[in-house]
Each structure stands twice: as structure tokens, then as C-alpha cells.
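# Examination of the molecular architecture
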Amino acid sequence: GNPATPATHRDALYQLEAPFKGEPRLLARLQNRYQGAVWGNEHLAIVEDGWWKTRRTCSYRIDPATGGEPKLLHDRSSEDAYGDPGQFVVAPNAFHRWTLKLDAKGKTLYLQGEGCSPEGNRPFLDALDLASGKTTRLWRADGRTTYESILRVLDPERGRLLTQIQGPKSYPNLFLRSFGKKASLAPVTHFENPYQPLEGVRKETLKYKRADGVELSATLLLPPGYDPKRDGKLPVLMDAYPTEFKDTKTAGQIRTSPHTFARPYWASPIYWTLRGYAVLEDTQFPIVGQGKAEPNDTYIEQLVANARAAIQEVDRLGVGDPRRVACVGHSYGAFMVANLLAHSDLFAAGIARSGAYNRTLTPFGFQAEERTYW
């Protein structure tokens, strides 16, 4: 059980037949920690394992009826959004249990994913051939001016999906999407934008680098009718949340779409655009600990580097006044705000919501830190 002790297998999955009085039967031995299973039928299930320290995650095909050695399907870093194969499509069976969706011949599984890329998310649907292990792309969202997400895979063989389409100024609505030889798109809902005062908010994705070369991004929101030449540089509200990574290459990957509708929510910073602020939303704040280094070894230095890079970018674009920037964060983001105000002179103000600042009171739990405070 001790992760510091070498072992060829960490966990094992067993099956115990009803009425649960016999001996359990081994289904699979796993190299890493068991993370879950998606059941298909008596001869098919997908099992996942993972190892937190390296961010490695694997998925295997097993035969619950016979057991045997698991067949590896995916071996990847959980931090690599661009290489994410997606989640297996499930559907309710005769007992109303959600199980793996197979084609009529029982030879194909399906995967749906966000399709993260440097250009933004483009959700997809793939077919996985069980015999060869190869995947075929069945459908991918256009992603040029809209963001279309899959809500339900209705019939992958006939090419039918229930999707949601939205744009920067288009409120999300549901559609029946047919792909293949008879491609079509039929609206299901016709919701109007209930946030008319925010309709004129300008939205764009910024891409920039911090001083050590790590690529970063943020969503920039500007007030309706704003003209940089006429109105000059605006005060800035920067909303962020730190995230730990083990790899600088994946730390800056884009995990959103530039074409999502700017929908407000209870803690949304978008309201500040109507008060004359430039807003940075989803500002990337990766804290990277490569190799044997832990992210918190250089937590403060990386916090400041992330903030400085974002401020320099809005200053370079001529839309943000570097002397009038406020940072805002919630929970661990509030802890970020306190440290940025204490350890840098980049901000004029900060909003720290519901934070925990005295880490001697949480000595055995500090976000993803593996070491105790002491």
C-alpha cells in the first residue's frame, strides 16, 4: 500500500457472486491505483488505473467472465488535455444500468471528448474497433465561430447526436445533429438571450508566455462599445485559480473554447465590464513541479510570474492599466490573492473569497501537496 515501496502491482479487482458467501474471483491485477470501471456485458468491461505522482493514467479492456491479463487501451498523462481520447459512451441496458454502448455486432465501442486544441475545444465522437484497437473519427465540431458540445450520443451507428451550440453572442440552444451521408441540423430549443445588457461585451482568448517560457492563456472581456484609442487603458479585474502540474508542456494547454457564450453566474466577474473594467477570466496560473520537485517548492515565485505575464499582456495590447489591477479568487484562489498581495507589488487591490490562510490549521491537507506542513 505504501506508494514509496516498489511494487509490480498496486491494486486488484475481484468479483464475488451472489449470495456473496463464496470465494472472490480475480478479475484483474493493476499496475497502479484502481480508479474505476465501466461495465459492458459478461465479456467486456473497461478498467482504469492511475498514479498520482507521475500523473499517469491507463485504461484496459478485461473479460469479466474469464479474467486474464488486462489489455491496454490507453496509457497517457492525465494532464495532457490535447491527447485525451475521451470518455466511453454509455447507454441504459435492460436493467436501466448505464453500460458501454456497443454497435449491433458487438465489435465497436464509442468515445466522446472535448477535443482540446491550441485553437480551442472542438468536441468529437470516435469509434474504437475492439479487434484492432484503432479509432476512427466519426464527427468533430466545426469550432470556427461556435462551440458545439455533445449532450447525448443518441445513435452512433445512424449518426445522431443531441448537441448544444453557442457563440460569443449566441445563447446556448439544443439541436439534433445528424452526421454521415445525410448530414443535417435541426433546432430543438429557441431560447433567447436573457442577459441583454451583456450582449455587447467583447470576448477574446489571449495567448502569451511567462518569463520562463511557459505558455499561458486567459479570456479577455471588454465593456460594450469600448474603444482603446478613445477610452484609453482600463482598470483590470483578474480572476484566477492556481493549478498544479508536473509538466511545463501541458501546463499551458488551452482547455476552453473562445466561442462560448459569456454566461454570468453567481461569482462571475463579467459584471465588472459594465462598470468600465477590463476582465481577465480563467487566467491560467499553473504551478509546475517537474521531476522530483514539488509545485509548492516555488509556489510564490510562480504565482508572481503568472500574474506579471498576464498584466504585461493587457498592457501591451493597450487595454489594461498595469497600475490599476485587482486580483480575485475563491477558496484556494483566495489563498492565491493573499500571497500575491503580500509578495508582490503588482496589484492595487484584491478580492479573496472564502479562503484558508493559516496552513498550520490544515497541516495534513494543502491542496495537492503530498507532504505534511510539518
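In this report, we go over the structure that sits alongside the text. Just so you know, these numbers come straight off a predicted model, no measurement behind them. (Residues numbered from 1 in each chain as written. Predicted model: local features only at pLDDT ≥ 70, side-chain atom pairs only at ≥ 80, totals over all residues. Heavy atoms only, no water.)

Compared with the 16 Å implied by 1.5 Å per residue over 12 residues, the 16 Å span of helix α4 (residues 332-343) between its first and last C-alpha is a close match. Among the residues of α4, Y332, G333, A334, F335, M336, V337, N339 and L340 are the ones counted as buried. Structurally, α4 contributes buried residues whose contacts are with β19 (234-245), β20 (278-288), α3 (299-316), β21 (320-330) and β22 (349-353). (Helix = DSSP H or I, 4+ residues; strand = E, 2+ residues; numbered from the N terminus. Expected span 1.5 Å × (residues − 1). Buried < 20%, exposed > 50% of the residue type's maximum accessible area, 1.4 Å probe, protein only. Contact = heavy atoms within 4.5 Å.)

This brings us to the environment of G133. If you trace the backbone, G133 turns up in the loop between β11 (124-129) and β12 (135-140). Taking the relative accessible area as the measure of exposure, G133 reaches 35% and is therefore partly exposed. Considered as a pair, G133 and H74 are 59 residues apart in the sequence and their alpha carbons are 9.7 Å apart.

This brings us to empty space enclosed by the protein. For the structure on display, the rule yields two cavities of 30 Å³ or more. Reported here for the largest cavity is a volume of approximately 70 Å³. Lining the largest cavity, in full, are W52, K53, R55, E244, K246, E294, P295, N296, A368, E369 and E370. Looking at the lining of the largest cavity residue by residue, the class counts come to three nonpolar, one polar and seven charged. Estimates place the volume of the second largest cavity at around 60 Å³. Every residue lining the second largest cavity is listed: P168, K169, N193, Y195, L198, E199, V201, F261 and A262. (1 Å grid on protein atoms, 1.4 Å probe; cavity = no way out; pocket = protein on both sides within 12 Å on 5 of 7 lines; lining within 4 Å. Points joined across faces, edges and corners; volume = space filled by probe spheres on them. Nonpolar A, V, L, I, M, F, W, Y, C, P; charged D, E, K, R; others polar.)

To continue, consider the nonpolar core. Buried together is how nonpolar side chains tend to be arranged in soluble globular proteins. In terms of nonpolar packing, the biggest core is built from 38 residues, with L220, M238, L280, F285, M336, L340 and F347 touching the most fellow members. Elements with a contribution of two residues or more to this core: β17 (202-209), β18 (215-222), β19, β20, α3, β21 and α4. Of the residues forming this core, the biggest block, eight residues, is contributed by α3. Apart from residues lying up to four places away in sequence, L280 is in contact with L206, A218, T219, L220, V236, L237, M238, D239, A310 and V314. By size, the runner-up hydrophobic cluster in this structure holds 10 residues, among which are Y110, L125, A141 and F179. (Core = buried A, V, L, I, M, F, W, Y, C linked by side-chain atoms within 4.5 Å.)

What follows is about α3. Under the 1.5 Å per step criterion, the end-to-end length of α3 is 26 Å for 18 residues, consistent within 8% with the ideal 26 Å. Every buried residue of α3 is accounted for by Y299, Q302, L303, V304, N306, A307, A309, A310, I311, E313 and V314. As for α3, its buried residues are in contact with β17, β18, β19, β20, β21 and α4. G318 sits one or two positions beyond α3 and adopts a positive phi of about 80°.

A separate point is the packing of aromatic side chains. Working definition: an aromatic ring pair is given by the centre-to-centre distance plus the angle between the planes. All chains considered together, the criterion is met by 11 aromatic pairs. Their ring planes at 80° and their centres at 5.3 Å tell us that Y171 and F261 sit as a pair that is edge-to-face. Note that Y171 is positioned in strand β15 (residues 170-178) and F261 in the loop between α2 (248-251) and β20, a separation of 90 residues in sequence. Each of the two residues, Y171 as well as F261, counts as buried. Cluster of aromatic residues (ring-pair linked, three or more members): Y241, Y299, Y332, F335 and F366. Of note, R137 hangs over the ring of F124, and the distance from its end group to the ring centre comes to 4.2 Å. (Phe/Tyr/Trp six-rings, centres within 6.5 Å; stacked < 30°, edge-to-face > 60°. Lys NZ or Arg CZ within 6 Å of the ring centre and 35° of its normal.)

Sheet architecture is open: six strands sit in the order β17-β18-β20-β19-β21-β22, paired in mixed fashion. Each end of this open sheet is capped by a strand with a single partner; those strands are β17 and β22. Sheet twist, expressed as the mean angle between neighbouring strand axes with direction ignored, is 25°. Bridge count for β19 against β20 is nine bridges, and the pairing is parallel. Counterpart to P242 in the pairing with β20 is F285. (Pairing = 2+ DSSP bridges. Axes fitted to C-alpha atoms, helices over the stretch in contact; angles between N-to-C directions.)

Before going further, it helps to examine the layout of surface pockets. The space that makes up the largest pocket amounts to roughly 490 Å³. Where the lining of the largest pocket is concerned, the elements lending two or more residues are β18, β19, β20 and β21. Ranked by the residues each element gives to the lining of the largest pocket, the list is headed by β20, at six residues. Across the lining of the largest pocket, the residue classes break down as 11 nonpolar, 11 polar and five charged.

Looking now at the pattern of salt bridges. Enumeration over the complete set of coordinates arrives at 17 salt bridges. A salt bridge links R177 to E148, with the shortest nitrogen-to-oxygen separation between them at 2.8 Å. Of this pair, R177 sits in strand β15 while E148 sits in strand β13 (residues 147-155), placing them 29 residues apart in sequence. Across the pair, exposure class does not vary: R177 and E148 are buried alike. In this structure, the salt-bridge partner of R323 is D321, at a minimum N-O distance of 3.2 Å. For R323, a relative accessible area of 69% gives the class exposed. Linked by salt bridges that have partners in common, K53, E294 and E370 make up one network. (Salt bridge = Lys/Arg side-chain N within 4 Å of Asp/Glu carboxyl O.)

Moving on, we come to the state of the cysteines. Going through the model one piece at a time under the given rule, you end up with zero disulfides. No disulfide involves C116; its nearest neighbouring cysteine sulfur is the one of C58, lying 20 Å away. (Disulfide = S-S within 2.5 Å.)

In terms of strand pairing, β13 meets strand β14 (residues 160-167) through seven bridges, oriented antiparallel. Bridge pairing in β14 links D155 to R160. With antiparallel pairing between neighbouring strands as the criterion, β13 and β14 make up a hairpin whose turn holds four residues, including G159 at a positive phi of roughly 75°. Both β14 and β15 contribute to a ladder of seven bridges, which runs antiparallel. When the bridges of β15 are listed, G167 appears paired with S170. With antiparallel pairing between neighbouring strands as the criterion, β14 and β15 make up a hairpin whose turn holds two residues.

Scope: geometric values only; no functional claims are made or implied.
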